[in-house]
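The lines below spell out each chain.
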Amino acid sequence: MEYKNVLTTCPYCGAGCNLYLQVLDGELIGVLPCQSHVVSQGKLCIKGWTANEFITHKDRLTKPLVKRNGKFIEVSWEEALDVIVEKFKHYKEKYGPDVFGILASAKCTNEENFLMMKFARAVIGTNNVDHCARLCHASTVVGLGKAFGSGAMTNSIEELENADCILVTGSNTTEQHPLVARYIMRAKEKGARLIVVDSRAIPLTRFADYHLRQRPGTDVAWINGFMNVILNEGLADQEFIKERTEGFEGLAKTIEKYTPECVEKITGIPKDDLINATRTYARAERASIVYSMGITQHTTGVDNVVSCANLAMLTGNVGKQSTGVNPLRGQVNVQGACDVGALPNVYSGYQSVTDENIRAKFEKAWNTKLPAKPGLTVVEMTNEAAKGNIKVMYIMGENPMLSDPDISHVREGLENLEFLVVQDIFLTETAELADVVLPATSYAEKDGTFTSTDRRVQRVRKAIDPIGESRPDWQIICELARRMGSKEFEYPSPADVMNEIALLTPIYGGIVYERIQKVGLQWPCASKEHPGTPYLHKEKFTRGKGMFFGIEFKEPAELPDEEYPLILTTGRIIFHYHTGTMTRRTALLNREVPTGYVEINPMDAKKLNIINGEMVLVQSRRGEIKIKALITNMVPEGVIFIPFHFAECAANVLTNPALDPVAKIPEFKACAANVKKNNVICRYVKNKYYFQ
Amino acid sequence: MIEEVRKLANEWLKTGKVDAILGLKEEDGHIAPHLFTKADELDSLVTSPKYPLLNTFRPLKRNILYLIQKNHRNAKIGVVARGCDERALIELAKRDQLNLEKIELIGVACTKDEAAACSCPKPYPRNIVVGEKVEGIPSDPDIEALLKKSLPERLAFWRYQLSKCIKCYGCRNACPLCLCQDCKLEQELWVKTGQLPPEIPIFHFIRFYHLADRCIECGECERACPVGIPLLTIYKLLRRDVKELFDYEAGVDVKQEAPLLTTLDETPMRSEE
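Residues numbered from 1 in each chain as written. Chains lettered and ligands numbered in written order. Predicted model: local features only at pLDDT ≥ 70, side-chain atom pairs only at ≥ 80, totals over all residues.

**Student:** I'd like a description of the pairing of strand β19 (residues 448-451) of chain A, backed by residues and values.
**Tutor:** All names here are of chain A. Residues Gly448 and Phe450 line one face of β19 and the alternating positions Thr449 and Thr451 line the opposite face, and both faces are buried. Where β19 meets strand β20 (residues 456-460), four bridges bridge the pair, whose relative direction is antiparallel. Across the sheet, residue Thr451 finds its bridge partner in β20, namely Val457. Connecting the antiparallel pair β19 and β20 is a turn made up of four residues, with Arg455 showing a positive phi of about 65°. (Buried ≥ 20, exposed ≤ 12 C-beta atoms within 10 Å, placed from the backbone. Helix = DSSP H or I, 4+ residues; strand = E, 2+ residues; numbered from the N terminus. Pairing = 2+ DSSP bridges.)

**Student:** Tell me about the confidence of the model for chain B, and please be specific about residues and values.
**Tutor:** Overall, the predicted model of chain B reaches an average pLDDT of 90, with 94% of residues at or above 70. The ipTM assigned to the predicted complex is 0.94, against a pTM of 0.94. (pLDDT = per-residue confidence, 0-100.)

**Student:** Any details on the sheet that holds β19(A)? Residues and values, ideally.
**Tutor:** Residues and elements named next belong to chain A. Pairing is antiparallel in the open sheet, where three strands are placed in the order β19-β20-β21. Each edge of the open sheet carries a strand with a single partner, namely β19 and β21 (521-522). Relative to β21, β20 is paired through two bridges, and the arrangement is antiparallel. Paired with Arg456 across the strands is Gln522, a residue of β21.

**Student:** Lay out the domain arrangement of chain A with the relevant residues and their values.
**Tutor:** All names here are of chain A. Domain assignment breaks chain A into domain 1 (3-56), domain 2 (65-135 + 333-522), domain 3 (138-327) and domain 4 (566-691). Relative placement of domain 1 and domain 4: their C-alpha centres are 31 Å apart. Between domain 1 and domain 4, the residue contacts involve seven residues of the former and 10 residues of the latter. In terms of residue class, the side of domain 1 that touches domain 4 is built from four nonpolar, one polar and two charged. (Domains from an automatic or database assignment. Contact = placed C-beta atoms within 7 Å. Nonpolar A, V, L, I, M, F, W, Y, C, P; charged D, E, K, R; others polar.)

**Student:** Can you break down the pairing of strand β6 (residues 100-103) of chain A residue by residue, with the values?
**Tutor:** All names here are of chain A. Here β6 shows no split at all, with Phe100 and Ile102 on one side and Gly101 and Leu103 on the other all buried. Examined bridge by bridge, β6 and strand β7 (residues 129-130) share two bridges and lie parallel to one another. Each residue of the ladder has a partner; that of Ile102, found in β7, is Val129.

**Student:** Could you give an account of the interface of chain B and chain A, with specific residues and numbers?
**Tutor:** If you look at the interface, chain B gives 41 residues, while chain A gives 42 residues. Contributing elements (two or more residues each) for the side of chain B that touches chain A: β2 (30-36), α2 (64-71), α7 (170-174) and α9 (220-224) of chain B. Broken down by element, the residue count for the side of chain B that touches chain A peaks at six residues, all from β2(B). Its residues assigned to classes, the side of chain B that touches chain A comprises 22 nonpolar, 12 polar and seven charged.

**Student:** If you had to explain the sheet that holds strand β8 (residues 165-169) of chain A to someone new, which residues and values would you point to?
**Tutor:** All names here are of chain A. If you trace the five strands from one edge of the open sheet to the other, you get β10-β9-β8-β12-β13, paired in parallel fashion. Strand pairing shows two members of the sheet lacking a second neighbour, β10 (210-212) and β13 (325-327), which therefore form its edges. The average undirected angle you get between the axes of adjacent strands in this sheet is 15°. Here three bridges tie strand β9 (residues 193-197) to β10, and the two strands are oriented parallel to one another. (Axes fitted to C-alpha atoms, helices over the stretch in contact; angles between N-to-C directions.)

**Student:** Can you explain the environment of Glu356(A)? Please cite residues and give values.
**Tutor:** One can find Glu356(A) in helix α16 (residues 356-366). Expressed as a C-alpha distance, the spacing of Glu356(A) and Met547(A), which sit 191 residues apart in the sequence, is 26 Å.

**Student:** Outline the environment of Gln475(A), listing residues and values.
**Tutor:** Mapped onto the elements, Gln475(A) comes out in helix α20 (residues 473-483). With 363 residues separating them in the primary sequence, Gln475(A) and Glu112(A) have C-alpha atoms 8.6 Å apart.

**Student:** Quick one: what's the story with the nonpolar core, residue by residue and with numbers?
**Tutor:** Met116(A), Ile166(A), Ile184(A), Val598(A) and Ile640(A) are the most contacted members of the largest nonpolar core, which totals 294 residues. Residues within four places of Ile640(A) in sequence aside, it is in contact with Leu566(A), Leu568(A), Val598(A), Glu599(A), Ile600(A), Val635(A), Ala673(A) and Val675(A). (Core = buried A, V, L, I, M, F, W, Y, C linked by C-beta atoms within 7 Å.)

**Student:** Please give an account of helix α19 (residues 407-415) of chain A that cites residues and values.
**Tutor:** Residue and element names in this part refer to chain A. Where α19 is concerned, the buried positions are Ile407, Val410, Gly413 and Leu414. Axial view of α19: buried residues confined to an arc of 115°, hence all on one face. Residues of α19 that are exposed and angled more than 90 degrees away from the buried face: Ser408 and Glu415. The inward-facing, buried residues of α19 contact α17 (378-387), α18 (400-403) and β17 (419-424). (Arc of directions from axis to C-beta.)

Here you go:
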């Protein structure tokens, strides 16, 4: 007779809510909220409340699979690992290490991502290691890194509650980070002003003082407009600019021409609304900017992020409680996966691979030579695979066949590989293309840590034994490394991996399991005595002085034209999560929204002669999907929206793989598209119409 | 006070009066329900802060004691229960959701501060084993203020409150008495799927009506709400109405039939076992 509750971190968004997994006689039966957790405070969203269900789903992979004659057959771990090691050794010898591409995962723990990047660099010998942060906040890491010296959320989630003004842009917070939206709502009810800048009428707009609807892809223009008004009306924080920043003259010169009239022409935001919203933001004592992928997923992603940083610095809203620039990270551990170096240009703690001293430090710690040349990013890897330059890929817990732009091209790349290993909990669209599939465990079956969006390193705790023969990712990586001949992967437990991370990573220097049992620690946390950092840039910026950059507005890579007259933007909904591998296997979530849809404005629908619920064709230069129409004022005229969770009508068949030149993030948020009536066959049988 | 509870629990486990004790466990400063089967774990048994002990879990839709009793038919379970936990047990037993005969209670009275925090009218169980009985809070000033407002004002208030809903189902999940096997909130006939906020007011009204003669005023729904909808206010008013209309109070007497469970000719609907 046993009934226990195991405290762990929710596996979904970056809010990092803690929850209890309920175990009765060894069986996982449900979820309970944790009342003493700093963010969740006894509350959860619909995904959190159901976070136990997919774990025991019948589709879980329970045995290693090897593809023979086009079919998967179940094999022993011994056999699967033998096949992998033989192939890895063969290709490394024949072509060298840089034909390998390795994807770590924002769904896996810090320890596992650290081991994966160590495996890539120290065992294979390549810097070609990346993960899906590339697709969501690569521009944040670069942009805020340039402006402030640290590419992470400046303040803490719970601080939002005490802001006087919150500017939310490109974040449908209610749906993507429900428990962060809670703090925005609390601030609002305590009297804060709320400004939402979003083309879509997201749920928060219901409570907003201002809703500015910009044309997708014109963010630099309206932010420059804000700054133009601030300077003209003398609302800038001159003291902060003088004491804490540099580069102001360049900025002032650039934004001169972005008058409210000019900005209205570019963005479609009425100039009076822009002026009033600007005054509200600039006059607030403590103003926070909250943004997410509406800002980052553009070919101007870095420009957008830097512009947000400009705006916050211009009004002195950095380095104080309840202010700052707050990117909300989408996945539970996307912050952590970046922190521990699952990126092609840096080791853990954003330490550059091109810096000789740093490389020497890691070489010494790992007892091996390490490559100096930065590696390839996610989208570049599949591009190079299509060209035949990447020949082997090892993918852990990621599903590029649904998450990456222009899926047809991704398929072409992955199919062109000579050898593909996928390690996951379900047979995803990507795993189906693999030569070997390794069954990993979910978050409920292993120990480790996740780092939430506000840099909080928190515990993940094992609640039940692994399902079937599945194994935790950290054990799989270590076993592979050992079989590849490395002696540097001997860890009794994830806690020992964290000790190595702390040793090599200054921002994680003081993080050990004993210190985070009760409450998570927020990095930077340099030593065992350091209390963690709730908000960044207090007395000085990480880079010394905050840097202003004058940024000119640039149009998205693809604009609507006669052939493709609509702007397609993509995103997520509250009931689902990313590629749906977990949420579509959760009954309550799946019944809420069982498949995808395209949001179309009523005026556009009228022009196209489309009725609500009708199957339509959506086309772009990349491809075409068949999808249900949802006629709604959520989207403005000329814009359509498709959630990207659904493989059968995948938005990413349509999206544009054009990249930001620096961050290499694709433009998911704006491309040209067209909606056409599907050639519907209508049958009339037994007093009912049937559409096919 | 906590020492008394631990002492009693220890005695019950050692003498075999019970096989296990359902209570709250503190670990690393966090508190959650736990089934204590060994005396040496009892150092971590705590009684506060208040935490829901019995929730009805999805997708199993059963309270934890039902599930424990299902797995272990003859087990005798001790429960460290506050007033609201006891009311929940009584109401669940009345509806065949657990077997009270195999359950022994260690009744704990809430402190004055705890009673005030919940504005609880009855912050103690029938048999207080541990703690001092403090008087309940008869009325909630927020409710009285709301009742003084005009009907359109009240409607506007609730419309605003319900418009914040993010359909987490937390109110339902945290409720010890939300026990329907076929939850109407999950039926397309009653509530459209995929909407945010869920249809106003039907989504919440279904729950209000379903809980009218079951709600034991524990406040877990409100505590679980991420957007701060004052759900307990509605339930307090509902309890008041049910008391006036039917002279019925949920969670008081296991033998008293719930008024909404009877047929219109006043004969009980529930079959005798």
